Amino acid sequence: MSVEVVTLIDSAAGSSAKITVGFGFNCYEFKVQHAGRPIDVLWSAANFAAGKERPSGSGIPLMFPFPGRIQGVVFEWEGKQYQLKEGDGRGNAIHGFVHARPWRVTENSAQRVVGQFQASVDDPQLLECWPADFRITATYALSGNSLDALFLIENPDQRPLPCGFGTHPYFRVPLGGPSADDCLVKLPVSGEWELNNMLATGELLPLENSQQFHHGLRFADMAFDNAFSELAFHDGVCTTSIHDPNSGRSMVMTFDRAFRECVVYNPGHRQAVCIEPLTCAPDPFRLTRLGVNAGLRILEPGESFAARVQIRVD
């Protein structure tokens, strides 16, 4: 399988990023120079760039038009049923469609690339799986030790588009030090969605030890596949981070108010931690039918919204 890859380079800073255009527009590699030493920020499987690995298991998968799980494989909207594919080993659809499909590059320069996926253009069969056509445009821009991402979600259809969006970055640990266990992960969250068989029940619970999350959890003590909420924003930005006390380096990810939930996941290989900003709770369609404010977006024809994320090394 041949997969198109775009490489961004900031020669002055010695940083670089690689994106698999032909496999979900996944930024699977982000490297920076810090204090004279290279830092590999993202974790990816060795053969990911060849398109031979699980599309949601490396780099930064983009989850759209739904992030996380949908209960079962039949999606019902306004009285019509749509057939989805099982993807989580539990009988549920997961992570949307675009993370596993080829995109198109619409702009490209040394430090910036823009990719786009539209169902009717890039995989018309998807129109049978979702209530409306959809378009997502992703821009990655590299500057020094920062990687900025802008995501534009649009409804190009004549029908309303129910949707949610999220990113699923795998952040590598440690960050130059000898021990992943010593790394501190800061998560400014104060609530948690109750899960039953990995599906949100609709009950939003207070996080009793939220101050510990705010001050930093040792990676050694983390074993999560949890959906958190009630994020803290300052000047319109939520800040999460991973600090390696042995190297003195930190990965900082910030995102804007387009996002309102955050899933945290520890892969079994323990070489990374996923901090996943979502615009809605997992399975927001079912929760909305239950009367829960789950953050579901319903874009009318021609409507759109944007979401911004920045990843940097301090």
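Everything discussed here concerns the structure shown above.
Our subject in this report is the structure included herewith. Because the structure is a prediction, the values reported are computed rather than measured.

## Observations concerning the overall build of the protein
When helices and strands are counted, the protein shows three helices and 27 strands. Rg of the C-alpha trace for the protein: 19 Å, near the compact-globule value of 20 Å for 314 residues, within the 12% margin. The principal-axis extent of the C-alpha atoms belonging to the protein is close to 60 × 45 × 35 Å. Per-residue burial for the protein yields a buried fraction of 58% across its 314 residues. Long-range contacts, defined as pairs at least 24 residues apart, comprise 64% of the intrachain contacts of the protein with a sequence gap of at least 6. With 26 positive and 35 negative side-chain charges, the protein shows a spacing of 4 Å between the two charge centroids.

## Some remarks on unusual backbone geometry
Glycine aside, residues mostly have negative phi, and peptide bonds are mostly found in the trans state. With omega at 10 degrees, the peptide bond leading from F64 into P65 counts as cis. Relative to the assigned elements, P65 resides in the loop between β5 (62-63) and β6 (69-70). A positive phi angle is found at E78, which is not glycine, with a value near 50 degrees. Structurally, E78 can be placed in the loop between β7 (74-77) and β8 (80-83). Phi at D235 is positive, roughly 55 degrees, even though this residue is not glycine. Counting through the fold element by element, D235 comes out in the loop between β21 (225-231) and β22 (237-244).

## Notes on the pairing of β7
Each regular strand shows side chains that alternate between the opposite faces of the sheet. Burial along β7 is one-sided: the residues F75 and W77 are buried and none of V74 and E76 is. As paired elements, β7 and β8 share four bridges and run antiparallel to each other. When the sheet's bridge partners are listed, W77 is paired in β8 with K80. Here β7 folds back onto β8, and the loop between the two strands holds two residues, one of which, E78, carries a positive phi near 50 degrees.

## Comments concerning the environment of L175
Here L175 is to be found in the loop between β16 (170-172) and β17 (184-186). Not counting residues within four places of it along the chain, the set of residues in contact with L175 comprises I39, C183, I242, D244, S247, R249, S250 and M251.

## Points about the side chain of S241
Within the fold, S241 resides in strand β22. Residue S241 is classed as buried on the basis of its relative accessible area, which comes to 12%. What S241 contacts, discounting residues up to four positions off in sequence, is L184, V185, K186, M251 and V252.

## As for the sheet that holds strand β20 (residues 217-218)
Within the open sheet, the nine strands sit side by side as β10-β11-β12-β13-β27-β23-β22-β17-β20. Their pairing is antiparallel. Whereas interior strands pair on both sides, the edge strands pair on one side only; in this sheet they are β10 (104-109) and β20. Alignment of β22 against strand β23 (residues 249-256), held across eight bridges, turns out to be antiparallel. Each bridged residue has a counterpart across the sheet, and for S241 the counterpart in β23 is V252.

## So, the packing of aromatic side chains
In the structure shown here, the tally under the stated rule is 26 aromatic pairs. Between F75 and F285, the aromatic rings sit 4.8 Å apart at their centres with planes inclined by 65 degrees, giving edge-to-face as the arrangement. With F75 in strand β7 and F285 in helix α3 (residues 284-289), the pair connects residues that are 210 residues apart, well separated along the chain. Residue class for F75 comes out buried when judged on its relative accessible area of 2%. We classify F285 as buried; its relative accessible area is 2%.

## Comments concerning the nonpolar core
Within the largest apolar cluster, 80 residues are counted, with the highest numbers of intra-cluster contacts made by F134, Y140 and I242. Broken down by element, this core gets its largest block of residues, five residues, from strand β27 (residues 304-313). When near neighbours in sequence (up to four residues on either side) are disregarded, F134 contacts F64, P65, F97, V98, F117, Q118, A119, L126, E154, P156 and L161. Among the nonpolar cores identified, the runner-up in size contains 10 residues, and A200, A227, V292 and A294 belong to it.

## So, the pattern of salt bridges
Under the defined criterion, the tally for this structure stands at 11 salt bridges. Between D122 and R104 there is a salt bridge, with its nearest N and O atoms 2.7 Å apart. Placement of the pair is D122 in helix α1 (residues 119-122) and R104 in strand β10, with a sequence separation of 18 residues. Residue classification places D122 among the partly exposed positions, given a relative accessible area of 24%.

Cut-off values and rules
- Residues numbered from 1 in each chain as written.
- Predicted model: local features only at pLDDT ≥ 70, side-chain atom pairs only at ≥ 80, totals over all residues.
- Heavy atoms only, no water.
- Helix = DSSP H or I, 4+ residues; strand = E, 2+ residues; numbered from the N terminus.
- Rg over C-alpha atoms; globule rule 2.2 N^0.38 Å.
- Buried < 20%, exposed > 50% of the residue type's maximum accessible area, 1.4 Å probe, protein only.
- Contact = heavy atoms within 4.5 Å.
- Lys, Arg positive; Asp, Glu negative; His and termini not counted.
- Charge placed at Lys NZ, Arg CZ, Asp CG, Glu CD.
- Pairing = 2+ DSSP bridges.
- Phe/Tyr/Trp six-rings, centres within 6.5 Å; stacked < 30°, edge-to-face > 60°.
- Core = buried A, V, L, I, M, F, W, Y, C linked by side-chain atoms within 4.5 Å.
- Salt bridge = Lys/Arg side-chain N within 4 Å of Asp/Glu carboxyl O.

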